[in-house]
Amino acid sequence: MSKSGGINRAYGRSLGAKLTFAFLHGLLVALCIWLAFGPIDWINTPRAQLLCVCVIVYFLRHLITLFVLLKRQVQLSEVFGLVLFFCIFEVGFVLLGSGEILGGTAALSWIDAVAFGLFLIGSALNSVSELQRWIWKKRRSSKGLCYTEGLFAYSLHINYFGDAVLFTGWAILTASLIASAVPLFVISGFVFFHIPPLDQYLEERYGDSFNAYAAKTAKFVPFLY
């Protein structure tokens, strides 16, 4: 099975697509930096700037994922679709946080400190778990085996759970209920679209070892689901 959850799981460098992805995403980041730190005087400039910091962190993690961790093929159709999605939440969140769209937002408070903490925790869960798996897979003794260690010992898809946490925190930072549509969309996509076919793919690839791992490990939320 080369595809699962709408994603091509076949191995391949696809360097051109990855470079295109990085370039287009970089343009979005540059736009966000200009919006948040440029000459425009927003209603809530500090919130817009904090949201832009999230954009920069996400972009740096994306570069590591693209050029270090990601071994599967990346297709241009996937690139353009994700760039559009990135534009909606990266640029959209900065504009929402600026207060211009809704005519104002709350001043930064302890709630935003918690939200930024969620963003950082989610980012760490995703990146650290992926790095742990990448290091493990580089060992010759790991070839053909199902990875069940590190943070993945707590959830079959701890990397997806990390994304759910970071997008929740990121949306809270906008101080707008409109932004809640993004984490809801992301979580629904993982639970109903990406995870079921990915589990099927992993079962076909690893057989009984994956089934044993799945039987004793939470699917998405550690210790709960």
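All values reported here derive from a predicted model rather than from experimental measurement.

**Here's the deal with the side chain of Arg-61**
Then step 1. Along the chain, the position of Arg-61 falls in helix H2 (residues 45-69).
Then step 2. Among buried charged residues, Arg-61 stands out as having no salt bridge; its nearest opposite-charge side chain is Asp-163, 4.2 Å away.
Then step 3. Looking at Arg-61, its side chain comes within polar contact range of the side chain of Asn-126, at 3.0 Å.

**Digging into the packing of aromatic side chains**
Given two aromatic rings, their pairing is described by the distance between the two centres and the angle made by the two planes.
Then step 1. Tallied over the entire structure, the rule returns 22 aromatic pairs.
Then step 2. Members of the aromatic cluster, each reached through a chain of ring pairs, are Phe-21, Tyr-58, Phe-85, Phe-86, Phe-89, Phe-93, Phe-116, Phe-119, Phe-167, Trp-170 and Phe-185.

**Some remarks on the packing of helix H6 (residues 181-206) against helix H7 (residues 208-216)**
Then step 1. Close contact between H6 and H7 brings their axes to 6 Å; oriented N to C, the two are set at 135°. The angle between H6 and H7 places the two elements in the oblique class. Seen from H6, the contacting residues are Asp-199, Leu-202, Glu-203 and Tyr-206; seen from H7, they are Asp-208, Ser-209, Phe-210 and Asn-211.
Then step 2. Looking at side-chain class alone, the contact of H6 with H7 contains three nonpolar, two polar and three charged residues.

**Observations concerning H6**
Then step 1. For H6, which comprises 26 residues, the first-to-last C-alpha distance of 35 Å matches the rise-based estimate of 38 Å (1.5 Å per residue) to within 8%.
Then step 2. Of all the bends in H6, the largest measures some 45° and sits at His-194, one to four residues before the proline Pro-196.
Then step 3. A positive phi of about 65° marks Gly-207, the residue just after H6.

**Quick word on the nonpolar core**
Proteins that are soluble and globular tend to have nonpolar side chains buried together.
Then step 1. Counting 60 residues, the largest nonpolar core has Phe-89, Phe-93, Val-94, Phe-167, Trp-170 and Phe-220 as the members making the most contacts within it.
Then step 2. Put simply, the parts of the chain that give this core at least two residues each are helix H1 (15-37), H2, helix H3 (76-98), helix H4 (110-137), helix H5 (158-173), H6 and H7.
Then step 3. By residue number, the principal contributor to this core is H5, which donates 10 residues.
Then step 4. Excluding anything up to four places from it in sequence, Trp-170 contacts Leu-51, Cys-54, Val-55, Tyr-58, Phe-89, Glu-90, Phe-93 and Phe-119.

**Digging into unusual backbone geometry**
Then step 1. For Ala-175, which is not glycine, the phi torsion reads 60° and is therefore positive.
Then step 2. Position of Ala-175 relative to the elements: it lies in the loop between H5 and H6.
Then step 3. Residues other than glycine seldom take positive phi values, yet Phe-223 does so here, at roughly 70°.
Then step 4. Tracing the backbone shows Phe-223 in the segment after H7.
Then step 5. Given the relative accessible area of 70%, Phe-223 is considered exposed.

Parameters and conventions
- Residues numbered from 1 in each chain as written.
- Predicted model: local features only at pLDDT ≥ 70, side-chain atom pairs only at ≥ 80, totals over all residues.
- Heavy atoms only, no water.
- Helix = DSSP H or I, 4+ residues; strand = E, 2+ residues; numbered from the N terminus.
- Buried < 20%, exposed > 50% of the residue type's maximum accessible area, 1.4 Å probe, protein only.
- Lys, Arg positive; Asp, Glu negative; His and termini not counted.
- Salt bridge = Lys/Arg side-chain N within 4 Å of Asp/Glu carboxyl O.
- Polar contact = N/O pair within 3.5 Å; in protein donor to acceptor, adjacent residues only side chain to side chain.
- Phe/Tyr/Trp six-rings, centres within 6.5 Å; stacked < 30°, edge-to-face > 60°.
- Axes fitted to C-alpha atoms, helices over the stretch in contact; angles between N-to-C directions.
- Parallel < 35°, antiparallel > 145°, perpendicular 65-115°, else oblique.
- Contact = heavy atoms within 4.5 Å.
- Nonpolar A, V, L, I, M, F, W, Y, C, P; charged D, E, K, R; others polar.
- Expected span 1.5 Å × (residues − 1).
- Bend = angle between axes of the 7 residues up to and from the residue.
- Core = buried A, V, L, I, M, F, W, Y, C linked by side-chain atoms within 4.5 Å.

Without other data, these values stay purely geometric and don't point to any function.
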